[in-house]
Amino acid sequence: MGDKLQAQVISLWVATAGTTGYAPLDTDIDVDIAVIGGGVAGLTAALALKRAGQSVAVIEAAQVGSGVTGHTTGKVTSLHRLVYSELAGRHGADTARSYGQANQAAVEHIARVVSDEGIDCGFRRVPNFTYAETDEAVSLVRDEAALAARLGLPSVYTPDVPLPFPVKGAVRFDNQAQLHAVRYLQGLARAVDGAGSFVFERSRALALRDGSPVVVETERGSIRARDAIVATNVPFGDKGSFAALCILHRSYLIASRAGSAPLEGTFISVEEPMRSILAVDVDGASYVLAGGEGHRAEDSGDTAERYRRLAAFSRDRLGTREPVFRWSTQDGIPVDGLPYVGLMSSDSTHIHVITGLRKWGLTNGTAAALILADTLCGRGNPWARVFDSTRAARAEGGSPAGHSVPIPPGPQQAAPDQEDTDAPMVPAPGEGAVIERKGEKVAVYADPAGNLSAVSAICTHLGCTVEFNVADVTWDCPCHGSRFATDGTVIQGPASTDLASRPSPFKR
Ligand SMILES: Cc1cc2nc3c(=O)[nH]c(=O)nc-3n(C[C@H](O)[C@H](O)[C@H](O)COP(=O)(O)OP(=O)(O)OC[C@H]3O[C@@H](n4cnc5c(N)ncnc54)[C@H](O)[C@@H]3O)c2cc1C
Ligand code: FES
């Protein structure tokens, strides 16, 4: 058993951003473009389209910034660990160059939007480093630095890495940036809403029909539009094809009060366990973020131990005090290494998607949004082909090749009633357990005071059984990554319906 985890379970960005108050959609409206999802991809696309003269409606299931973007690290950079060596090796230098150009253009786009729209989001120019601690890793960063420079990116190799522990060398990209992710999104939303365009919160898309027009339905209103963009991170309305093309990967972050001299730059390690570092001042308080402990969404393991390892790294190597905030989130890693933007499937006519942002979506999501905005305005975009969402289906003649994903069960079989056989254990305070009760799986949570609440354990997406995540206090689906609060509310899709409430199987 390790130390007790003290930090609040909320992201630094969500905790310090304040709330937005856009009304839910409660009527039927007509616009040029419907955007589903108020994260970086959706709001960036919406603003670019509005600026190009289109009327836009964004619907966000919860609040602007409540998704993955609100739980990011906050690095705005085209240096994504060793991405150029990876992409050049797999697809050739031209594809690596396109990826780099699109992401570097995204860094500059974000800088311009922050300035044009006067967004107060702590946007700060910093160098970004991928650092090596061993001789073997130094040769990797030397190669990455040289390759990225040849591709035209602002890259150098340096032995001088401003970290408070010994490091052998790093790739450094100059003039990169960091920002407060939720304040940035709130600024985008302010710029989108008004003059015939809209942002609606607490408005979950429940159905989406392709055609002319496209129709998006929510609980209390609908949008008719020429085109729709699905920017829900894990695509809403997709029946699993992108799940086969993207590995959903979760990572963990802690924010601790800084202990000593501020760090100048943002950092990520080459070696495993991968560690990501960023220092930031928010409202006069200095924090250091340490991230890592990534794994496929279905392989959570001991989540509390993951936070303890990050806290030990932050304390021992970065000299921070105890963590104040901790959180986790997940993103799609595309199997061929490139994000997906374009038509939802080769059969779609007016439904478009942005997904597979490979944990670098502040820039990949911005780049993808700008590509889509160009496409929808009839303008060419030099990077559209490399990011094309239908490339796998085209290559395979219609059936995309991907990785295998856990297969949801068929209709739930009546299971033996454990209540009548082995008496299930009541979860300890702060824990949860899936119990079989009268042939139904029920997810039971005991709050820290021991009060029990129960919801159906069957994920409302495609029917897998959820599992309890003890460190984040959520019910997580191992199949395609949906996450639910203990009262059953959807936190993250693709599920769009809450887990139904159930009576507790235990009498107290
Ligand atoms: C731990 C971690 C750290 C990261 N750090 C960085 C970083 O430092 N720099 C970087 O560039 N990238 C980083 N990333 C990646 C980046 O944060 C993501 O790629 C990006 O934020 C994804 O944006 P999005 O718009 O696709 O998704 P989201 O921000 O999740 O937006 C989608 C929105 O859609 C809403 N939604 C879902 N379903 C529906 C529905 N049915 N109807 C209406 N709305 C719906 C959700 O509520 C959500 O707000 C990190 C990723 C992880 C996992
Ligand atoms: S079955 Fe797909 S996310 Fe749960």
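Now for a description of the structure that goes with this document. For clarity, every value in this text was computed on a predicted model and none was experimentally measured. (Residues numbered from 1 in each chain as written. Chains lettered and ligands numbered in written order. Predicted model: local features only at pLDDT ≥ 70, side-chain atom pairs only at ≥ 80, totals over all residues. Heavy atoms only, no water.)

### A look at the sheet that holds strand β21 (residues 452-456)
Within a sheet, adjacent strands bond to each other through the backbone by hydrogen bonds, running parallel or antiparallel.
Now for step 1: Spatially, the 4 strands line up as an open sheet ordered β19-β20-β21-β26, and their pairing is antiparallel. Edge positions in the sheet fall to β19 (432-437) and β26 (501-502), since each of these pairs with one other strand and no more.
Now for step 2: In the sheet, β19 pairs with strand β20 (residues 440-446) via 6 bridges, with the strands oriented antiparallel. Looking across to β20, one finds that Glu 436 is bridged to Lys 441. (Pairing = 2+ DSSP bridges. Helix = DSSP H or I, 4+ residues; strand = E, 2+ residues; numbered from the N terminus.)

### Quick look at the state of the cysteines
Now for step 1: Within this structure, the stated rule accounts for 1 disulfide.
Now for step 2: Across a sulfur-sulfur distance of 1.8 Å, Cys 464 and Cys 479 are joined as a disulfide pair. Here the S-S torsion is close to -80°, and the disulfide linking Cys 464 with Cys 479 is therefore left-handed. Of the two residues, Cys 464 sits in the loop between β21 and β22 (467-469) while Cys 479 sits in the loop between β23 (474-476) and β24 (483-484), which places them 15 residues apart along the sequence. The residues Cys 464 and Cys 479 share a single accessibility class, namely buried. (Disulfide = S-S within 2.5 Å. Buried < 20%, exposed > 50% of the residue type's maximum accessible area, 1.4 Å probe, protein only.)

### Brief notes about the packing of aromatic side chains
Now for step 1: Inspection of the entire model under this criterion finds 12 aromatic pairs.
Now for step 2: Between Phe 129 and Phe 267 the ring centres are 5.1 Å apart and the planes differ by 10°, which places this aromatic pair in the stacked class. Taken together, the positions of Phe 129 in strand β5 (residues 124-132) and Phe 267 in strand β13 (residues 266-269) put the pair 138 residues apart, joining distant regions of the chain. Taken as a pair, Phe 129 and Phe 267 share a single burial class, namely buried.
Now for step 3: Members of the aromatic cluster, joined through ring pairs, are Tyr 84, Tyr 99, Phe 173 and Phe 387.
Now for step 4: The side chain of Arg 257 reaches across the aromatic face of Tyr 287, ending 5.5 Å from its centre. (Phe/Tyr/Trp six-rings, centres within 6.5 Å; stacked < 30°, edge-to-face > 60°. Lys NZ or Arg CZ within 6 Å of the ring centre and 35° of its normal.)

### Things to note about the packing of helix α3 (residues 83-91) against helix α4 (residues 93-116)
Now for step 1: In the contact formed by α3 and α4, the axes pass within 7 Å of each other and the chain directions differ by 140°. By the angle class used here, α3 and α4 are oblique. For the crossing formed where α3 meets α4, the hand is right-handed. Contacts between α3 and α4 involve Val 83, Tyr 84, Leu 87, Ala 88 and His 91 from the former and Ala 93, Thr 95, Ala 96, Tyr 99 and Gly 100 from the latter.
Now for step 2: Class assignment for the residues of the contact of α3 with α4 results in 7 nonpolar, 3 polar and no charged. (Axes fitted to C-alpha atoms, helices over the stretch in contact; angles between N-to-C directions. Parallel < 35°, antiparallel > 145°, perpendicular 65-115°, else oblique. Left-handed = near helix turned anticlockwise from the far one by under 90°. Contact = heavy atoms within 4.5 Å. Nonpolar A, V, L, I, M, F, W, Y, C, P; charged D, E, K, R; others polar.)

### Section: the site of ligand 1
Now for step 1: Close to ligand 1 lie 33 residues; Glu 60, Val 68, Thr 69, Lys 75 and Asp 331 are nearest.
Now for step 2: Contact between ligand 1 and Glu 60: an oxygen atom at 2.6 Å from a side-chain N or O atom of the residue.
Now for step 3: With respect to ligand 1, the backbone of Gly 361 contributes an N or O atom lying 3.0 Å from a nitrogen atom.
Now for step 4: Contact with the protein chains covers 96% of the free accessible surface of ligand 1, which is 1000 Å².
Now for step 5: Across the shell around ligand 1, the residue classes tally to 12 nonpolar, 16 polar and 5 charged. (Near = heavy atom within 4 Å. Polar contact = N/O pair within 3.5 Å; in protein donor to acceptor, adjacent residues only side chain to side chain. Areas by Shrake-Rupley, 256 points an atom, 1.4 Å probe, with all protein chains shown as cover.)

### A closer look at the nonpolar core
Now for step 1: Among the nonpolar cores identified, the biggest contains 83 residues, and Leu 12, Trp 13, Tyr 84, Tyr 184 and Ile 229 are the most heavily contacted of them.
Now for step 2: Ranked by the residues each element gives to this core, the list is headed by helix α9 (residues 361-376), at 9 residues.
Now for step 3: In terms of nonpolar packing, the next biggest core, distinct from the first, is built from 24 residues, Val 31, Ala 205, Val 216 and Phe 242 among them. (Core = buried A, V, L, I, M, F, W, Y, C linked by side-chain atoms within 4.5 Å.)

### Focus: the environment of Gly 67
Now for step 1: For Gly 67, the position within the fold is in the loop between β3 (56-59) and β4 (75-76).
Now for step 2: Of the residues examined, Gly 67 reaches a relative accessible area of 36% and is grouped as partly exposed.
Now for step 3: Placed 28 residues apart in sequence, Gly 67 and Gly 39 show a C-alpha to C-alpha distance of 6.4 Å.

### Here's the deal with helix α2 (residues 40-51)
Now for step 1: With 12 residues, α2 ought to run about 16 Å at 1.5 Å a step, and its terminal C-alpha atoms sit 16 Å apart, in line with that.
Now for step 2: The element α2 is extensively covered by neighbouring structure, given that 11 of its 12 residues are classed as buried.
Now for step 3: Those residues of α2 not exposed but buried are Val 40, Ala 41, Gly 42, Leu 43, Thr 44, Ala 45, Ala 46, Leu 47, Ala 48, Leu 49 and Lys 50.
Now for step 4: Once α2 ends, the next one or two residues include Gly 53, with phi positive near 100°. (Expected span 1.5 Å × (residues − 1).)

### A look at the side chain of His 180
Now for step 1: Structurally, His 180 can be placed in the loop between β7 (169-178) and α6 (181-192).
Now for step 2: On the accessibility criterion, His 180 (4% relative accessible area) is buried.
Now for step 3: For His 180, the side chain forms a polar contact with the side chain of Thr 16, separated by 2.9 Å.
Now for step 4: A distance of 3.2 Å separates a polar side-chain atom of His 180 from the backbone nitrogen of Arg 183.
Now for step 5: In this view, His 180 contacts Leu 12, Trp 13, Thr 16, Ala 17, Cys 121 and Val 282; residues no more than four positions away in its chain are not counted.

Read these as layout, nothing more, since geometry by itself doesn't imply function.
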